[in-house]
Amino acid sequence: AKHFDHLIQEHMMNMEWTKRIVTASLLLVTALGVHAKPYLEVLKNGKLDRIVADRIRVKFDRSAVVTRQGVSTTFTKNQYIRAVGDKPQYFDQAVAAGTTNPDKAIAALDQIIKDNFGLQWDLQAMAAKGKIQLKQNKPEDAVKTFKKMFTQNPKTMRDEPLSNFF
């Protein structure tokens, strides 16, 4: 009986975390919003400024390579606040496939995560992937996905309103 009670308690804790993670992920997706062109947010003279670009690529060391009119400039991770890339062409299709073909959707979202490292769409793809995993009744996989999302971008846990949930 004690073992059964422990399993029920553990399940309830997992469900509570699952609800918190889903809520935080939905807020993250909403907060990221939609934009027209890639941009880099920087602080210039104490004010937030957007550098609109033709293309942005974030390297694994978190430096961002911004290309404007054929000229590339590299910003170190300490020189910018956030990089936002173009919305991947097949993002909406991948998310929509989550209801009809979740395995195909997760494969497509994994590719988006890989191709859009550090450009905010990787975070949106991770949030969508986690939601699909929850719908598949795979909470352990979803938690791993959300942990990766928060580890890859710790700001998502610190920034309001997400910090209210953790």
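Quantities reported herein were computed from a predicted structural model and do not represent experimental measurements.

Asks: I keep staring at the pattern of salt bridges and nothing clicks. Help me out?
Replies: Pairs can form between side chains of opposite charge once their charged atoms are near each other. Applying the stated criterion to the full structure yields 5 salt bridges. Salt bridges sharing common partners tie together Glu41, Arg50 and Arg82.

Asks: Looking at this structure, I do not really get the side chain of glutamine 133. What am I missing?
Replies: When you line up the elements, glutamine 133 lands in helix α4 (residues 121–135). With relative accessibility at 6%, the residue glutamine 133 sits in the buried group. Setting aside its immediate chain neighbours within four residues, glutamine 133 contacts Ile106, Lys138, Asp141, Ala142 and Thr145.

Asks: Got a minute to help me understand the pairing of strand β2 (residues 47–52) in this structure?
Replies: Regular strands show a simple pattern: their side chains alternate between the two faces of the sheet. Sheet analysis places strand β1 (residues 39–44) next to β2, joined by 6 bridges and oriented antiparallel. Bridging from a neighbouring strand, leucine 43 pairs with leucine 48 of β2. Between β1 and β2, which follow one another and run antiparallel, lie 2 residues, and asparagine 45 among them has a positive phi close to 55°.

Asks: Sorry, what's going on with the sheet that holds strand β3 (residues 55–58) here?
Replies: Within a sheet, adjacent strands bond to each other through the backbone by hydrogen bonds, running parallel or antiparallel. In space, the 3 strands of this open sheet follow the order β3-β4-β5, with antiparallel pairing throughout. The outermost strands of the open sheet, each flanked by one partner alone, are β3 and β5 (71–75). Pairwise comparison of adjacent strand axes, ignoring direction, gives a mean angle of 20° for this sheet. Looking at chain direction, β3 and strand β4 (residues 64–68) are connected through 4 bridges and run antiparallel. In the strand pairing of β4, valine 58 is matched with alanine 64.

Asks: How should the packing of aromatic side chains be read in this particular structure?
Replies: One pair of aromatic rings is described through two measures. These are the centre distance and the angle between the planes. A full pass over the atoms with the stated rule returns 2 aromatic pairs. Summarising the aromatic geometry, the rings of phenylalanine 60 and phenylalanine 117 are spaced 4.8 Å apart at their centres and angled 45° between planes, so their arrangement reads as tilted. Within this pair, whereas phenylalanine 60 is found in the loop between β3 and β4, its partner phenylalanine 117 is found in the loop between α3 (102–115) and α4, the two being separated by 57 residues in sequence. Positioned above the aromatic ring of tyrosine 39 is the side chain of arginine 50, whose terminal nitrogen or guanidinium carbon lies 3.8 Å from the ring centre.

Asks: What should I look at first to understand the pairing of β3 in this one?
Replies: The two faces of β3 differ: Ile56 and Val58 on one face are buried, but Arg55 and Arg57 on the other face are not. Between β3 and the antiparallel strand that follows it, β4, lie 5 residues; arginine 62 among them carries a positive phi value of about 75°.

Asks: Can you help me understand the packing of helix α2 (residues 91–100) against α4 in this one?
Replies: Any two packed helices are characterised by the angle at which their axes cross and by the distance between the axes. Following both chains from N to C, one finds α2 and α4 inclined at 10°, their axes separated by 9 Å at the closest point. The angle between α2 and α4 places the two elements in the roughly parallel class. Contact with α2, carried on its side by Phe91, Val95, Gly98 and Thr99, involves Trp121, Gln124, Ala125, Ala128, Ile132 and Lys135 of α4 and no other residues of that element.

Asks: Would you take a moment to explain the sheet that holds β2 for this structure?
Replies: Strand order in the open sheet formed by 3 strands is β2-β1-β6, with antiparallel pairing between adjacent strands. A single partner strand is all that each edge strand has here, and the edge strands are β2 and β6 (82–84). Across the sheet, the axes of successive neighbouring strands diverge by a mean angle of 30°, strand direction being ignored. For β1 and β6, the ladder comprises 3 bridges, and the chain directions are antiparallel. Note that in β6 the partner of tyrosine 39 across the bridge is valine 84.

Asks: Would you take a moment to explain the packing of α3 against α4 for this structure?
Replies: With their axes 8 Å apart at the nearest point, α3 and α4 run at an angle of 160° to one another. Here α3 lies roughly antiparallel to α4, going by the angle between them. The hand of the α3/α4 crossing is left-handed. In this structure, α3 contributes Pro102, Ala105, Ile106, Leu109, Asp110, Ile112 and Ile113 to the contact, and α4 contributes Trp121, Asp122, Ala125, Met126, Ala128, Lys129, Ile132 and Gln133. Residue classes in the contact of α3 with α4 are distributed as 11 nonpolar, 1 polar and 3 charged.

Parameters at a glance
- Residues numbered from 1 in each chain as written.
- Predicted model: local features only at pLDDT ≥ 70, side-chain atom pairs only at ≥ 80, totals over all residues.
- Heavy atoms only, no water.
- Salt bridge = Lys/Arg side-chain N within 4 Å of Asp/Glu carboxyl O.
- Helix = DSSP H or I, 4+ residues; strand = E, 2+ residues; numbered from the N terminus.
- Buried < 20%, exposed > 50% of the residue type's maximum accessible area, 1.4 Å probe, protein only.
- Contact = heavy atoms within 4.5 Å.
- Pairing = 2+ DSSP bridges.
- Axes fitted to C-alpha atoms, helices over the stretch in contact; angles between N-to-C directions.
- Phe/Tyr/Trp six-rings, centres within 6.5 Å; stacked < 30°, edge-to-face > 60°.
- Lys NZ or Arg CZ within 6 Å of the ring centre and 35° of its normal.
- Parallel < 35°, antiparallel > 145°, perpendicular 65-115°, else oblique.
- Left-handed = near helix turned anticlockwise from the far one by under 90°.
- Nonpolar A, V, L, I, M, F, W, Y, C, P; charged D, E, K, R; others polar.

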